[in-house]
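Chain by chain, the residues run as shown.
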Amino acid sequence: MDKENFKSETACPDLTNLPPLGMEPADLERHFRHYYTNYLGRDRNCCSTHYHYAYDALALVVRDRLMERWKNTRYAYEESDCKRTYYLSLEFLMGRTLGNAVLNLGLDEKLTQALNSICLEYEDLEGVEPDAGLGNGGLGRLAACFLDSCATLQLPVQGYGIRYEYGMFRQHIVNGYQVEEPDHWLRIGNIWEIKRPEYSQRIKFCGYSEATSDVAGRTRMRWVNTRDVLAVPYDVPIPGYRNGTVNTLRLWKAEATEEFDLEEFNSGDYTGSVASKNEAEKITMVLYPNDSSENGKELRLQQQYFLASASLQDVLNRWLITEQADLSRFAEKNCFQLNDTHPSCAVPELMRLLMDDQGLSWDEAWDITRSTMAYTNHTLLPEALERWPVRMFQRLLPRLLEIIYEINARFLKQVAERWPGDMQRQRRMSLIEEGPEPQVRMAFLAIVASFSVNGVAELHSKLLREGLFHDFYELWPEKFNNKTNGVTQRRWLAYSNPELSDLISEKIGSGWVTDLAQLSRLRPLADDPAVQQRWQQVKYNNKVRLAEMVAADCGVKFSPDAMFDVQVKRIHEYKRQLLNILHVIHLYDRIKRGDTHNWTPRCVLIGGKAAPGYAMAKQIIKLINNVATVVNNDPAVGSLLKVAFIPNYRVSAMEVICPGADLSEQISTAGKEASGTGNMKFMLNGALTVGTLDGANIEIREEVGEDNFFLFGLTAEEAEERRKDYDPLAIIAGDENLQRVMQLLQSGHFSQFEAGIFDSILQAIQNPHDPWLVAADFSDYVAAQQRVAQAYRDQTGWTRMSILNTASAGKFSTDRTMEEYNAKIWNLSKIPAFPVE
Ligand code: 26Q
């Protein structure tokens, strides 16, 4: 990127000065007709049920209104000379944009009116939009909720991510098995992105580094003979809630550089030059579908460096232009929040850009780096900590490896000064793990270079301090802090659950939309019979809507009079979908034995994607589906129990699922789920939780009170203790219920013509080294579920608890989370956008 672009932009008359667009139904309708007819070229012969074009026209009408505010937000930030934060993340799980934009712009009622007058249903059009599935699960959706809250709080925070051509795969279920299909979400075009080729960046790979001397005679390293790739930005608008602010998410696409094409073309290798284009574009082709790290894939490291380098160059270039190349205030005015270690190449890359390109000394560059980088950890699983083979780093990013070595040498010197002679500790803390194939430990790199290291729930942060990162905590206790996760109530209540939102606003006003703590005003209403009745009716209506989706997607009939028991999240052994299905088998067994006195009819819904290479997770999906088939087709079971696996769980599915849930399953092995955020969405929508003392469940229970939460299972400490002498066979032998469940499984009852397919699952449960302790928690889980069933039969009591859950969800807004990040890490001023007038 060159200065010329900026110059010519400022030298022109301001072409961006326009009168504001109308927001009344008549304005919206006129613009809709304009786009539909004049821009999209449709005419009266177009089939009115082909919603695609109507969706595009509507999206353009809404986008225009975003554009005005977007520009005014940028101008306000520029002119205030404010400090900014950049949220670097390999994932942004945005879901759909239209409904959220309409809500945040405050256009919902006016648009409904406008569309009604032309005989279109807003809901029909919304359904056309594919999810932007640029993430795996919790970490990616958290990034999306953070952006919504930052825009609403008017914080100058920009997201930087990757524009994957293929997002999270679509999941089909065939004969009970997961089948993955590529998600080519951009094929029909994406109205919401604006390509900005003028801000493209050049990214280097491979080559080698050599020493040169600069004009002052000092040594300067150069990274040469590289294979370069172009990073082209696409900007996505992030509207705040009715406040005129529209922030930016900048997503990078990889393209071949021009001279690369030319070189090979001139050498006569036409097909070779086209192939090299492919090679470059491969980098942003597909999202890696693993939610616990898969080590060693070279393309993944390329993606990570590509994002880090493009984003840092973008920030640095803007800075150098506006500050006349003066870096002295850079650290005061910029902060980079690393969403896990995935973008942690940013550490050596910032060092490189500052030293090699800008000529700073090591100490100057290091001062800037360690006062601008902040790192968030999202996992407690040691196997999920990212490591990259030194040899791969050497080949792909030789200059970065040199810098990492230097950071490590200086860091280990510090360790040696603090703990003289403790070689054991030096080996433990080294950024390089020694062995036959030495590895770079990315988490340690991030910790060493950051001024802040945070976990995502109290327990998680404590376990980081005491376990995984204990050595570092001893060295730098002041770096470590907690920021409990949240969710945005705009998408997860106001938008997804309009009926409940209206009821709440009728009772306590609508202030909760930007101040979730106000939900506590519902507490005194929990015993009010009139409110309870309305609350119940809303839940019922939402269950009808969810039942329709289950019928359409699973072919299973859920009765809204039964309890809706839901577990949706990525499939992972530590999340224990297996424990859930063992309980279902136990209920089935009780029905078959006639033990149905005082029965509470239950509809169990499970959904989630398994990483394509995770065999055990895929087996668990198959088991759930086989159990569902047997249970749903057994006349003896009837309406007492239904089971469904909802295919292709995603953001837009959760928007229908969480308003309709009665019971939220949060049953991970204690000490393994860093936080969880689905747990918060369910609570917000009035579901009760059956859960372990893990992640944010602990804080949810604290807020709602132990009487309104169904607790079971070992604590994190007890689990750790239990692993030492774990004897699942003894537990099974001593528990009649579990024994019968195991016998049903072993007998092939759920695998009639598929002998032995569940052997690996059976073995896992019986394995004394089962890290997830499924058998250990089974009986307590069944007991908790018994209390749940009992409680549900008292509909008044249940509804009271449901209201109390919503009323106690105030803490779990990402507005609160972002306020905390800002107060303790970023220190940004809130900058209102210039009004549209
Ligand atoms: C790493 C390297 C290579 C390929 C993939 C990955 C990778 C990708 C995604 C590793 C991990 C993830 C995602 C992790 C994640 O979603 N963690 C969840 O983060 C949530 C938000 O903080 C928490 O609520 C969940 O507890 C945590 O599991």
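Residues numbered from 1 in each chain as written. Predicted model: local features only at pLDDT ≥ 70, side-chain atom pairs only at ≥ 80, totals over all residues. Heavy atoms only, no water.

Novice: Explain the site of the ligand to me, using residue names and the numbers behind them.
Specialist: With respect to spatial proximity, 22 residues lie near the ligand, and among them Leu 139, His 378, Asn 485, Glu 673 and Gly 676 are the closest. Within the side chain of Asn 485, a nitrogen or oxygen atom sits 2.8 Å from an oxygen atom of the ligand. Separating an oxygen atom of the ligand from a side-chain N or O atom of Glu 673 is a distance of 2.6 Å. In the complex, 94% of the free accessible area of the ligand, which totals 620 Å², lies under the protein chains. For the shell around the ligand, the element with the highest residue contribution is helix α7 (residues 138–152), accounting for three residues. (Near = heavy atom within 4 Å. Polar contact = N/O pair within 3.5 Å; in protein donor to acceptor, adjacent residues only side chain to side chain. Areas by Shrake-Rupley, 256 points an atom, 1.4 Å probe, with all protein chains shown as cover. Helix = DSSP H or I, 4+ residues; strand = E, 2+ residues; numbered from the N terminus.)

Novice: For the sheet that holds strand β20 (residues 563–568), give the residues involved together with the corresponding values.
Specialist: Here six strands make up an open sheet; going across it, the order is β22-β21-β20-β23-β24-β25 and the pairing parallel. Edge strands, defined here as strands with exactly one partner in the open sheet, are β22 (641–646) and β25 (710–711). One ladder, built from six bridges, connects β20 with strand β21 (residues 602–607); its direction is parallel. Within β21, the residue paired with Gln 567 across the bridge is Ile 606. Lying on the sheet, helix α24 (residues 615–632) is in contact with β21 and β22; it crosses β22 at an angle near 145°. (Pairing = 2+ DSSP bridges. Contact = heavy atoms within 4.5 Å. Axes fitted to C-alpha atoms, helices over the stretch in contact; angles between N-to-C directions.)

Novice: Any chance you could break down empty space enclosed by the protein for me, citing the residues and the numbers?
Specialist: This model, assessed by the stated rule, comprises three cavities of 30 Å³ or more. The space that makes up the largest cavity amounts to roughly 150 Å³. Together, 13 residues line the largest cavity, and Met 94, Asn 100, Ile 238, Pro 239 and Arg 491 are the ones closest to its centre. By residue number, the principal contributor to the lining of the largest cavity is strand β11 (residues 227–239), which donates four residues. Among the residues forming the lining of the largest cavity, the class breakdown is six nonpolar, three polar and four charged. Counted as a void, the second largest cavity has a volume near 110 Å³. As for the second largest cavity, its lining consists of 13 residues, of which Leu 587, Arg 590, Trp 599, Gln 786 and Ala 789 are closest to the centre. (1 Å grid on protein atoms, 1.4 Å probe; cavity = no way out; pocket = protein on both sides within 12 Å on 5 of 7 lines; lining within 4 Å. Points joined across faces, edges and corners; volume = space filled by probe spheres on them. Nonpolar A, V, L, I, M, F, W, Y, C, P; charged D, E, K, R; others polar.)

Novice: If you had to explain the side chain of Arg 300 to someone new, which residues and values would you point to?
Specialist: Within the fold, Arg 300 resides in helix α10 (residues 298–322). No salt bridge is formed by the buried Arg 300; the nearest opposite charge belongs to Glu 386, separated by 4.5 Å. Look past the residues within four positions of Arg 300 in its chain and what remains in contact with it is Leu 90, Tyr 288, His 342, Glu 386 and Trp 388. (Buried < 20%, exposed > 50% of the residue type's maximum accessible area, 1.4 Å probe, protein only. Lys, Arg positive; Asp, Glu negative; His and termini not counted. Salt bridge = Lys/Arg side-chain N within 4 Å of Asp/Glu carboxyl O.)

Novice: Quick rundown of unusual backbone geometry? Include the residues and the values.
Specialist: Even without glycine at this site, Asn 225 takes up a positive phi of about 60°. Secondary-structure assignment places Asn 225 in the loop between β10 (219–224) and β11. Owing to a relative accessible area of 58%, Asn 225 belongs among the exposed residues under this scheme. Positive phi values are uncommon outside glycine, yet Asn 598 reaches one of about 55°. Within the secondary structure, Asn 598 sits in the loop between α23 (577–592) and β21. For Asn 598, a relative accessible area of 46% corresponds to the partly exposed category.

Novice: Would you mind going over the pairing of strand β1 (residues 84–88) in detail, with residue names and values included?
Specialist: Regular strands place their side chains on alternate faces of the sheet. Judged by how many residues are buried, β1 sits mostly within the fold: five of five residues are covered. Both β1 and strand β13 (residues 334–339) contribute to a ladder of five bridges, which runs parallel. From the neighbouring strand, Tyr 87 faces β13, where its bridge partner is Gln 337. Bridge analysis of β1 against strand β4 (residues 157–162) gives four bridges, and the strand direction is parallel. What sits directly across from Tyr 87, in β4, is Gly 159.

Novice: Kindly report on the side chain of Asn 247, identifying the contributing residues and their values.
Specialist: Its location among the elements puts Asn 247 in strand β12 (residues 246–256). Exposure remark for Asn 247: the relative accessible area of 3% places this residue in the buried category. At 2.6 Å, the side chain of Asn 247 forms a polar contact with the side chain of Tyr 77. With residues near it in sequence (within four places) discarded, Asn 247 still touches Trp 70, Thr 73, Tyr 77, Cys 150, Ala 151, Leu 155, Val 157, Val 236, Pro 237 and Ile 238.

Novice: Let's hear about the packing of α24 against helix α31 (residues 759–766): which residues, and what values?
Specialist: Running from N to C, α24 and α31 cross one another at 110°; their axes reach a closest spacing of 10 Å. On the basis of the axis angle, α24 is roughly perpendicular to α31. Across the interface between the two elements, Met 616, Gln 619, Ile 620 and Leu 623 from α24 touch Ser 760, Ile 761 and Ala 764 from α31. (Parallel < 35°, antiparallel > 145°, perpendicular 65-115°, else oblique.)

Novice: Explain the pattern of salt bridges residue by residue, including any values.
Specialist: All told, the structure shown has 62 salt bridges when counted by the stated rule. Connected through shared salt-bridge partners, Asp 589, Arg 590, Arg 593, Asp 595, Glu 736 and Arg 740 make up one network.

Novice: Please give an account of the nonpolar core that cites residues and values.
Specialist: One finds Phe 393, Leu 397 and Phe 411 to be the most contacted residues of the largest nonpolar core, which totals 115 residues. With twelve residues, the single largest contributor to this core is α10. Dropping the residues within four chain positions of it, Phe 393 is found in contact with Leu 301, Cys 345, Trp 388, Pro 398, Leu 400, Leu 401, Ile 404, Val 440 and Met 442. Grouped together as the second largest cluster of nonpolar side chains are 67 residues, Ile 621, Leu 641, Val 643 and Ala 775 included. (Core = buried A, V, L, I, M, F, W, Y, C linked by side-chain atoms within 4.5 Å.)

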